[in-house]
Structure formats: structure tokens, C-alpha cells
Amino acid sequence: MSEVAPAIEESWGLALADAFQTESFKKLKEFLTEDIKKYTVYPPGKLMFNAFNLTPLTAVKVVIIGQDPYHGAGQAHGLSFSVPDGIAIPPSLKNIYKELHDDLGIPIPKTGNLEKWARQGVLLLNATLSVRAGMAGSHQGKGWEEFTDAAIKAVSELRAGIVFLLWGRFAQAKETLIDTSKHYVLKAAHPSPFSAHNGFFGCRHFSKTNAILRQNGMEEIDWNPE
């Protein structure tokens, strides 16, 4: 992956060693190497594994699964739903913040940067880790899904008591990768403006997650990203 991305954090590197050697991943590397020559691809190569590098496998407490990186300039930085400081907050994240406010009373943040969550053990994992500029879904079906599925399986197999937040049908389809006998799965509608009113608003997943962590003797997440 050296052509397009840096090394991955050590605990993930060990857990995903086999995934890096699959034919699927080798084809993904070839595809990315060529696509980057022809198109602008987001996020930059050094940030494609940002979710893993900010949240080591050994530190994961919560997993939030997204689908695709943002495809606008400067938006994607390797964390699902998150954008760097100074970038306008996308609609789904605005709705996440609204629910956060209604659930925990946290003031609506001015930043869309969720690195503070990641550093506390919230794995912000997109199923696809790259995209062509302005072309949503353009890197789907190229091998990323197999790799990120392997990451979800690694969390399920190697850890216990993790809270998986599955928002929307796409994320909920990943439940088959999770051992629900030793992990917690909370499901709700996607926070997109098209679906948030169908069950995302009022889901109280943030307080519920902290209650689970507290019951298991783990430190709660400070959900205020600022």
C-alpha cells in the first residue's frame, strides 16, 4: 500500500495481516495506483488509514460504520461522518449533533472534526476508504469492503464488550460480522436528512453507549468534539 498510503497502526497491522495479502487487496492497490494517476482522489493517501491510526484495535470501545468518504474538496480525512476543522459541517453530521444535543445537552459544536472521539476509542470506519473527487461511490466494489469487513470481524473476534452503532440499512447489514453474544449492537435510521426523522432522532445512542461502557467498568466517551 506504500504507493498510496502509509503503514497502518501496529495492533491493526497484526490483526489485518492476512487481509493485506488477499488477492482482493492486491487488486485494490493496483486500482488505486492507477486511479490516483488519472483523478483527484480523497482523502490523501496518508489519511486513508486515519481511523485505524487514531484508534488502535486495542483501544476500540465503540464502532460507528459509515459508507463512503465525502467527495468534496478538503472534506474527507479518513474518519466516517467527520470533516477537518474549518470545513462546513455536512448535513448528516448536523443531525448527529442535533441528536447529541437532545440526548446529552451538548451545545451544537462549531467544528465537524471528530478526531477527539477517535482518540477516545470510537472507531469511525467507512466501508470504502477512498473516492474520486465529485463522484460518490466511485471506489465501491474495488476491494475496500472486503478489507473493512475484515476489520469489523477483527474487532468482533479479538475484543469484547464493544458498542457497535449501526445507522441505516447499509451499516445494519454489517451486523452479520459481529458476535452479538459478546458485543452490543444499537441500531437506528441513518442521520441523513432523508431518513433522520424515521428513527435516528430520539435514538439516544450516545447516552446508551455511555451507560453500557459504565456498566462494564470502562471510561465513558466525552461526546463533545470541541
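From a predicted model like this one, the values you see are computed outputs, not experimental measurements.

Trainee: Teacher, can you tell me more about empty space enclosed by the protein here?
Mentor: The gaps of empty space that remain are located by a probe, the size of a water molecule, rolled over the atoms. One pass over the structure, following the stated rule, counts 1 cavity of 30 Å³ or more. Residue lining of the largest cavity: 15 residues in total, with Pro69, Ala76, Gly78, Leu79 and Asn126 positioned closest to the centre. Considered class by class, the residues forming the lining of the largest cavity number 7 nonpolar, 7 polar and 1 charged.

Trainee: Which parts of the structure should I look at to understand the environment of Asp35?
Mentor: Topologically, Asp35 is positioned in helix H3 (residues 23-38). Judged by its relative accessible area of 4%, Asp35 falls in the buried class. It is 24 Å that separates the C-alpha atoms of Asp35 and Leu16, two residues lying 19 residues apart in sequence. In contact with Asp35, other than residues within four places in its own chain, are Val41, Arg132 and His139. Of the polar contacts made by the side chain of Asp35, one reaches the side chain of His139; its length is 2.6 Å.

Trainee: It is not clear to me how the pattern of salt bridges should be interpreted in this structure. Could you clarify?
Mentor: Opposite charge on two side chains allows them to pair when their charged atoms are near. Applying the stated criterion to the full structure yields 9 salt bridges. Arg204 is paired through a salt bridge with Asp103; the nearest N and O atoms lie 3.3 Å apart. Here Arg204 is found in the loop between strand S6 (184-188) and helix H9 (205-215), whereas its partner Asp103 is found in helix H5 (residues 91-104), with 101 residues between them in sequence.

Trainee: Before we go on, may I ask you to explain the packing of H3 against helix H7 (residues 144-158) in this structure?
Mentor: Helix-helix packing is characterised by the crossing angle of the two axes and by the distance between the axes. Where H3 meets H7, the axes come as close as 8 Å, and the angle between the chain directions of the two elements is 130 degrees. The pairing of H3 with H7 is recorded here as oblique in orientation. For H3 against H7, the interelement crossing comes out left-handed. Each of Ser24, Phe25, Leu28 and Leu32 in H3 lies in contact with H7, whose residues at this interface are Trp144, Glu146 and Phe147. Here the residues of the contact of H3 with H7 sort into 5 nonpolar, 1 polar and 1 charged.

Trainee: Explain the sheet that holds strand S3 (residues 122-126) here, please?
Mentor: Strand pairing in a sheet is mediated by backbone hydrogen bonds. Such pairs are either parallel or antiparallel. With parallel pairing, 4 strands are arranged side by side in an open sheet as S3-S2-S5-S6. The sheet is open, and its two edges are formed by S3 and S6, each paired on a single side. Pairwise comparison of adjacent strand axes, ignoring direction, gives a mean angle of 20 degrees for this sheet.

Trainee: Quick question: what am I supposed to make of the pairing of strand S2 (residues 62-66) here?
Mentor: Moving residue by residue along a regular strand, the side chains alternate between the two faces of the sheet. By the criterion of burial, S2 is predominantly enclosed, with 5 of the 5 residues buried. In S2, alternate side chains face the same way, and those of Val62, Ile64 and Gly66 on one face and Val63 and Ile65 on the other are all buried. Examined bridge by bridge, S2 and S3 share 5 bridges and lie parallel to one another. Paired with Ile64 across the two strands is Leu124, which belongs to S3. Looking at chain direction, S2 and strand S5 (residues 163-167) are connected through 3 bridges and run parallel.

Thresholds, definitions, all that
- Residues numbered from 1 in each chain as written.
- Predicted model: local features only at pLDDT ≥ 70, side-chain atom pairs only at ≥ 80, totals over all residues.
- Heavy atoms only, no water.
- 1 Å grid on protein atoms, 1.4 Å probe; cavity = no way out; pocket = protein on both sides within 12 Å on 5 of 7 lines; lining within 4 Å.
- Points joined across faces, edges and corners; volume = space filled by probe spheres on them.
- Nonpolar A, V, L, I, M, F, W, Y, C, P; charged D, E, K, R; others polar.
- Helix = DSSP H or I, 4+ residues; strand = E, 2+ residues; numbered from the N terminus.
- Buried < 20%, exposed > 50% of the residue type's maximum accessible area, 1.4 Å probe, protein only.
- Contact = heavy atoms within 4.5 Å.
- Polar contact = N/O pair within 3.5 Å; in protein donor to acceptor, adjacent residues only side chain to side chain.
- Salt bridge = Lys/Arg side-chain N within 4 Å of Asp/Glu carboxyl O.
- Axes fitted to C-alpha atoms, helices over the stretch in contact; angles between N-to-C directions.
- Parallel < 35°, antiparallel > 145°, perpendicular 65-115°, else oblique.
- Left-handed = near helix turned anticlockwise from the far one by under 90°.
- Pairing = 2+ DSSP bridges.

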